[in-house]
Each structure stands twice: as C-alpha cells, then as structure tokens.
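Chain and residue survey
Below are the chains, spelled out letter by letter.
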Amino acid sequence: MNLLVTMLFAACLPVLAHPLGQRLGRHAGWVLSAGLAGLAVLVTTTWLGTRAPIAGVWPWLPQLDVAFRLRMDGLSLVFCLVVLVIGALVMAYAVSYLPAGRHGSFYALLAFFAAAMIGLVLADDLVLMWVMWEFTTICSFLLIQQTGPKGKAPALRTLLVTGGGGLCLLGAVALTVTATGTTHLSAALTSPVWRDQPGTSTAVAVLVALAAFTKGAQFPFHGWLPDAMVASTPVSAYLHAAAMVKAAMYLLLRFSTALHAVPLWNMLLVGVGLLTMVMGAVYALQRHDLKELLAYSTISQLGMLVATIGVGTGYAMVAALTHVIAHAIFKSSLFMSVGLIDHETTTRDIRRLSGLRRHMPWSSLALVLGAASMAGLPPLLGFVSKEAVFKGFTEAPFGDATTLVVCVVAVAGAMCTMAYSGRMLRPLFGPDMEEPPHEAPVAMIAPVLVGAVAGVLLGLTGPVLQPLVDTGARGVLADSPAADLTLWHGLNAALVMSLTAIGLGAALIVARERVDRLVVGRTLGVGNSVAGVEGFRSGSIALGRRVGDLTRSDNPYRALLAPLLVLVLGVGGVVLLTGVPGLPPAGHPFDWLLLAVVVGGVAFTLGARSRVALVTIVGIVGFAMALLFFVLGAPDVAVTQLLVEILTVVVMVLLLVRMPDGFHPTGALRSGVAVAVALAAGVAGTLIALFVMTPRSGDALGDAFLARAYELTAGTNVVNTILVDFRALDTYGEMVALGTAAVAFVVALRSRGLLPLRPSPLVVSRDNPAHDPHENTTAIRVLDRVVAPLLIGLSLWFFLRGHYETGGGFIGALVAGAAVVLVFLASGSDWITRLHIDYLRVIGVGIVVATVTGLVNLVWAGSFLTPMTTKVAGVTLSTGLVFDIGVYLTVLGLVLGSISELGLDTPEPTPLRRPGRLTTREERDR
C-alpha cells in the first residue's frame, strides 16, 4: 500500500466532514466512523501482508533536505490503530451525543485531528513530524473553544502550554538536524552522534522531554488537561484521553531509540512520571465531578507511562506499549460512559447521583468494566498491562535501592488508582434519585460497550495482542524481548506488587469517608497549575504592554521615522568610519541637472505653507526621480516610479479634503532639531548610496541572473524574471502585504470619526463655470474618451511583454489604474466610487491565482520558485505569466480601492448604480 494514499485518504475525511456535517447534521458521524474503521482495516491488512516497515518519500523542500517522508513500522502501526479505532468509536458515539443541527465544523476538526495524528505517527521527516504535532495542538485549541464563552480561557491556556511544548520540540528538531546533518528521522535516530556527542544528546533529551511533558500533562504542566474538560465528551474522550495525549507517549517512545541510555533522560522521565502518577491519583480522590476525576486519573496514568518509558529497557518498551493500548480502550470508554450519565441525568456530581445501576444497567456495566480495567483487576486488559509495567520497574537498571524506591512509589500510585476507580462507581449504588433517569439510546451505548467489552476480551486473550506489541517494541529498540501478555505468570514480584496495590486500594475504598476528610479540599502543597498558567499569560501581556509603552506613541515621527532614522544614521556612520574605497564616476551633466531639480524641490517643500503646494512640489520631485532612473539605465524602475507618482498625487489630492489646509505651527527649537536630523539623515543616506554604487568586480549573483535568466525562465527582462520566477515567493509575500494593507485602509477610512470629509471653503457663484462639474470637466471628458481605452490597451501590452521587455504585471496594473483615475477625474462626480466594485475580492482573486500557480510549480516542478514553460504558436509561455496575473489583479484592486474609498462626496457610501446617459442639466443635478 502506498503510504501517501493512506495520508490522502485520511486528509479527505476532514474535507468531506464539513459538507457532510452541514447536510446530514450529527448523522455525518456514521460516515466518518466508517471511514476511520475502513482505514484501520486497510492499514492492518497491509501490515499483515508484509510484516516489515513500509516507507515512501516524496520531494517537498529538496534544497533543505526536507521531504514528505512516511514510514510505518511496528510503533507507528500501534498508534495508527489506537487513533483510528478509538476515533471510529467516538465518531459513532457523537451521533447520538450531539444535539440535532449542523455540525460541519465540529466533525471537520475532529477528522482533521485524526489525520494530523496519522501524519504524526507515520512521519519519517523531523520537520514533517513537527508540523503534524502543531496541527494536533491547533485542533485541540479550536475544539475546546467551540464550547462557547466558557471555553475561551481554557482554550487559550491549553494553547499556551502545548504551544510552548511545540517550541521545545522545534528546538529539538533544529539541534537534531544540525548535529546529524539530515531531517530523515530514522537516519537521525540511528546516528552515532548520540553516542559521540553527549552534550547534544542531553540538550535534545531535555527539549523532547519538555515537549512531551506539556502535551502529556506531566507536572508542572498538568493543569491544562482538567482545564480542557469544558470541551464536549467526544472531544475529551478522543483528544484528551485516548489520542492527543498519546502523541506525547509516541514522541517519547520514538526518541527512546536514540536517548534510552542518556542518564538525564532516564532521571527526568522516571522522576517526573512517578511524581505525576501519585499527584494525579491523589487529586482524582479529591474530585466530585466524574469528568474532572477522569481528567486527573488520565494525568496519573500518563505519569505511569512516562516513568515506564524512562526505564529505558526493552521490556519497559513492551510494557509501555501494552499500557498505551489498554489505557486508550478503558479511558475512552470511561469518558463516554460519563457522557451517557451526564446526557441522561444532566449532572456529573457523584454527590447528586445515586442508584444508577437499576435505571441505567447497560451504562453502568460499561462504567464498571472501564473502571475495573483502570484499577488493574483481573481478567481485564488493564491488569495485564499493569503487571507488565510492574515487571518493567522491577527490572530497571538503576541499582537495588533506587529500583526499590521506584517500585514502592509505583505501588502507591496503583493503590490510589484502585481507590479512585472505586470512587467512580459510587453513583451506581444507593437509593434512587428523586427523578430516576432513563437508559441512554442503544446507538449511544453501543460504541461504549464495544470499548468496555474489548478490555475484557483482550485481557482473556492477551496473546492476541502479542505480535502487535512485539513489533511495536522492536520499532523502538531492536533487541526488545517478546511480550508475555497472559494472565498468569506464576508468583513473582510483579504479581505481589499488583496484589498489594489492589488490597491497599480496596482498604481506601472501605475507608472512603476518612479518605475524603483527609484529602478533599486540600491543595497538597503543589500549587494550582491553572492559576500559574493564567498568571504567566496575564504577566506576559502586562510585560509586553510595559515594554511597548517605551516606544508607543501616536506621533508618527516617533513611531515610524525614528527607527528608520536610527538605522540610516547607524549604517551611514559605519560607512563614514570605514570609508568608501572608490567613488563612482561623476556622471553626465544631465544627471546633475535632474539632481538639482530634486534638491530644489526638496528645498521648496521646506517653505511650503499649504498642503496643495506641498503635494505639487513633491510630485515634481517624484517625476524628476523617474527621469533620473531612466537616464541611469533602469527603464522598469523609471516607468514604475512615474506611474506611482501619478497615482500618489491623485490619492494625496483626494486626502486633502479630509485634512486641514495648513500645517500646525512649530517652534524654532523643533524646526531646528528637525533640520539637523534631516541633514544628518541626508548625509548618511548619501554615504550609503555612494558605498552601494561603488564599482565592484565580479558580482556573481548579478552575472548569474544575466547569464541564466533566459535558460531557466525563457524571459529576457531580468527584472521581471526575478520578481515572478527567481524570487516569486518574496513577491507573493508582498502581494499578501498589499492585501492586508488594503483591508487596514478600508477599516481606517470607514471608522467613525477618523479622517472625516470637511466642507469645502470655496464658495463659487452659479455664474462661474467652475460651479458646474460637468461643464468644468469638458476638456478632460473629451480626452477620456480617447485616452482611457488606449491606456487599457497599453496596460495589457505592458503586461504581456513584461517577460521580455520593460513591463510586467505591476506596471500593467499601474497603467490600468491610471485609466481608472482618468475616468474618475472626468466624471465630474463620485459615481465611479458608487459602482460597488468589490476591489477586495479582486485583490483576493489575485492572491489566489498566485498561490495556485506557486503550488502547481511546487507539485510539478518541486519548488515554488521553479517556473514551467511551454510553447504555443512558437511563443514560449511560462507559469510566471500566470503568476504575473495575480500581481496585476492585486495592484489593480488596491488602486480601485483607493479611488472607491477616497473619492466619495459623502462620508458613507450608498448603494447606487452608475447613472444612464443624462441629457439635461436638471437630470444631471438629480
């Protein structure tokens, strides 16, 4: 089986889930359940057909040695089946649990989480593994937040903790890639680096452990898991009990191949795991809410798993995998059983629940079987897995004293597990409630009973799981011994530990009232993890505000110009100290003439007393700069500068009606400081320009562009090929920035009270021709009829020739924008702004076109930057042309937006259509 097909199948489920959820409502869960179950069957049969690791690799970022590598060995198979089988049961359970209505987003997120988990456990590339890890984090955040306002804060706290773990994992990935020289996970984990570089091994061990502790809810990061219980029961059963937290166990097991012999790794995992096991168990004994009790029991069970993995021996890996399977089965069924009780009684408080076994017999049976397996009672699978864990502890290579301490703590944790498992069953006994509940629907109970009964059957037939566990353990350590999953191994240390834990736990159940008085309501000295996370979040925000206050200002000079001036002055100072090795030639006299026009324009701006004069002078300076670019041999830059100046002047004039006529008065001191800063910046900028323009020999990059542009892109205009081929990804980023700026521009102009239109100070008599805008624009209207179509044609001409001559999508869009401006100026009114041109959609289409083009190049050519060419009627066409269409639409949309928003006669646009042909002045006035 092609593993890529498996991933594509898993990825199709969330794509189909949303429309199915919208159309079929909650019944879409049946389809998704069947899909996950079918995928589980496919994966299993494929493995049985080969019984060997299956691998596949597809290029992704070949320059960085990052590939879409997938590999399914025994370890991946175990976790794949956990994700798929439990996912199928939860999807089927959700059908009856969810209320009637549309649940497209819920099912899509749940299915996307399943796909991300499959990608995580199959990933054989470090970067791909990290990406999938983060996808699971995002899914958890969104699913918790779906519960409404009460889920917002827990979702943020969960994201903060697990996201921090993701950063730790990213650091581990970076260190691993740097040390081993590859992103190939299997090759990296078997590298001799782990043996030869103990410092690197220790650093990676700490980072991986921290990543797993956050997602696996280990002390001191445990608080997010009970906090996340605001999510619905299907989410809690799948993500926070059976699958997402198992991602942490998978990460620890996978990296144990390389780190199982690192001392700090063993100490961290065993120490933190045992502490979390006991702490979570005691916390569970304090809870009255069944779901919260299960959350802390999950923390405790995960702690036991972490400690088992930390032992580092082959049999410890066998025990850990056995308990991973057992825990996924009994914990998912327990969460769903609690959901049944909550669904029928509307409460989870064990103090208010009583006598459920008489009115909800099947739900009670599921709860009993799940709790018994969690407590480790024979003949359930939980007993088998607990025995294996205890055996792993007794064989720990830590020395007799340390091993004895580990075993004692493990028995204490198991004893508390027995006690809180009994605490869960209290609602089944006692007198009937005032309003006895009804049994849950059969369709809702069936998935729960499947999981609960599976724990019994697999406990009785433990050897059935042995081949799966053996292959999984050998995927971690090749020399792992065979598992022995039978119920009876004779009288040994593991059995004695198990019987001791059961007996002491039973004693705690009998003395439950004393236990409640001892532990309920106490903090137990470990603090409130949720409060700690919330304090960190609020403290970080407060610190950020304090740091921001140092530079925050409404003054544009301080906010925008100061950093730029510091940069220019700093670089200019460096150039001044180091000197300019060789100045460029003096230049042509015409160059100096244009430079004099620029300098003169700048000087005149200092004396301008009105905004109109300032706009005029700045326009002249811009046109002079365009000519200077042209004579210096940069026609593309010159044409772009000319068109930008035209449009900028128009936009600035439109802004004038929203601004005062004159300037705010300034004192002599402020003016002097401004002049001094301006002169310093000018000198620094000149030095930088001289340094940049200094002749250099052997500009390798420029020579490479000139020599290979046509060979690689079939284009002779190197400037355009750089924009749409060599650096297409940069250009794409600039397009997204333009789209974002357009949205911000619209929000700013439509905000109440910001830049309002002010009444015109001019009072023109009706006898004055300037009073009638129609007559006042006669000349430009005549010009518009001829020039506007020519500009549109010129725009297309510039666009089509851009790959070979001066032009391209950016210049073509600016020419089309000039045509729009001409039509607007010739209209005599703001009707063009009322056409309701959806310029944001135009920008969006442009970005989508560029995105699709880049992705097509990525899939077919292997890189976002690699163009594909073909010949049509003897003319070579490139995907760069299609990418340039995106540039064209984005820039044109921005121009349309500027005219549409700034050209209004009234502050708030009204939905009007373009008027028809007007024949009289009265009709035009109307």
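Residues numbered from 1 in each chain as written. Predicted model: local features only at pLDDT ≥ 70, side-chain atom pairs only at ≥ 80, totals over all residues. Heavy atoms only, no water.

Before going further, it helps to examine unusual backbone geometry. For the bond running from F219 to P220, omega is 5 degrees, close enough to zero to count as cis. By secondary structure assignment, the location of P220 is in the loop between α9 (198-215) and α10 (224-227). The omega torsion across P378 and P379 is 5 degrees, close enough to zero to call that bond cis. Along the chain, the position of P379 falls in the loop between α16 (361-375) and α17 (381-394). Despite not being glycine, A217 has its phi angle at roughly 55 degrees, a positive value. Among the structural elements, A217 can be located in the loop between α9 and α10. (Helix = DSSP H or I, 4+ residues; strand = E, 2+ residues; numbered from the N terminus.)

The subject of this paragraph is the nonpolar core. Counting residues in each nonpolar core, the largest one holds 197 residues, and the members touching the most others are Y107, M129, Y238, F255 and F393. The next biggest cluster of nonpolar side chains, apart from the first, holds 35 residues, and it includes I811, A813, A816 and F824. (Core = buried A, V, L, I, M, F, W, Y, C linked by side-chain atoms within 4.5 Å. Buried < 20%, exposed > 50% of the residue type's maximum accessible area, 1.4 Å probe, protein only.)

Relative to the helices and strands, F330 is located in helix α14 (residues 314-345). Judged by relative accessible area, F330 falls into the buried class, the value being 2%. The contact partners of F330, leaving out residues within four places of it in the chain, are Q301, H323, G370, S373 and M374. (Contact = heavy atoms within 4.5 Å.)

Before going further, it helps to spend a moment on the pattern of salt bridges. Here the structure, examined in full by the defined rule, presents 14 salt bridges. With its nearest N and O atoms 2.7 Å apart, the salt bridge here joins R69 to D125. Of the two residues, R69 sits in strand β2 (residues 66-72) while D125 sits in the loop between α4 (104-122) and α5 (126-145), which places them 56 residues apart along the sequence. For the salt bridge of D73 with R254, the shortest nitrogen-to-oxygen distance reads 2.9 Å. Of this pair, D73 sits in the loop between β2 and α3 (74-97) while R254 is found in helix α11 (residues 233-259), placing the two residues 181 residues apart along the sequence. (Salt bridge = Lys/Arg side-chain N within 4 Å of Asp/Glu carboxyl O.)

This part covers the confidence of the model for the chain. When pLDDT is averaged along the chain, the result is 82; 85% of the residues meet or exceed 70. Within the chain, α9 carries the highest mean pLDDT (94), whereas helix α37 (residues 921-925) carries the lowest (40). Here residues 906-926 is a poorly scored stretch, pLDDT under 50, and it has 23 contacts once near neighbours within four places are set aside; other chains count. (pLDDT = per-residue confidence, 0-100.)

Quick look at empty space enclosed by the protein now. Scanning the model with the defined rule gives three cavities of 30 Å³ or more in all. Taken as a whole, the largest cavity spans an internal volume of roughly 70 Å³. Every residue along the wall of the largest cavity is listed here: M277, Q301, M304, H323, S373, M374, A375, G376, G382, K386, A414 and T417. For the lining of the largest cavity, the secondary-structure elements that each account for two or more residues are α13 (290-311), α16, α17 and α18 (400-424). Ranked by the residues each element gives to the lining of the largest cavity, the list is headed by α16, at three residues. (1 Å grid on protein atoms, 1.4 Å probe; cavity = no way out; pocket = protein on both sides within 12 Å on 5 of 7 lines; lining within 4 Å. Points joined across faces, edges and corners; volume = space filled by probe spheres on them.)

A few words on helix α6 (residues 152-180). Here α6 is 29 residues long and its end C-alpha atoms lie 41 Å apart, about the 42 Å a rise of 1.5 Å per residue gives. Phi for G181, located one or two positions after α6, is positive at around 80 degrees. (Expected span 1.5 Å × (residues − 1).)

Before going further, it helps to examine the packing of aromatic side chains. What the rule picks out here adds up to eight aromatic pairs. A ring pair is formed by F106 and Y107, whose centres lie 5.7 Å apart and whose planes are at 70 degrees; its orientation type is edge-to-face. Accessibility assignment for this pair places F106 and Y107 in one class, buried. Geometrically, the ring pair formed by Y283 and Y296 is tilted, given 5.2 Å between the ring centres and 50 degrees between the ring planes. Residue Y283 is found in helix α12 (residues 263-286), and its partner Y296 is found in helix α13; the two are separated by 13 residues along the sequence. The two residues Y283 and Y296 agree in class, both being buried. (Phe/Tyr/Trp six-rings, centres within 6.5 Å; stacked < 30°, edge-to-face > 60°.)

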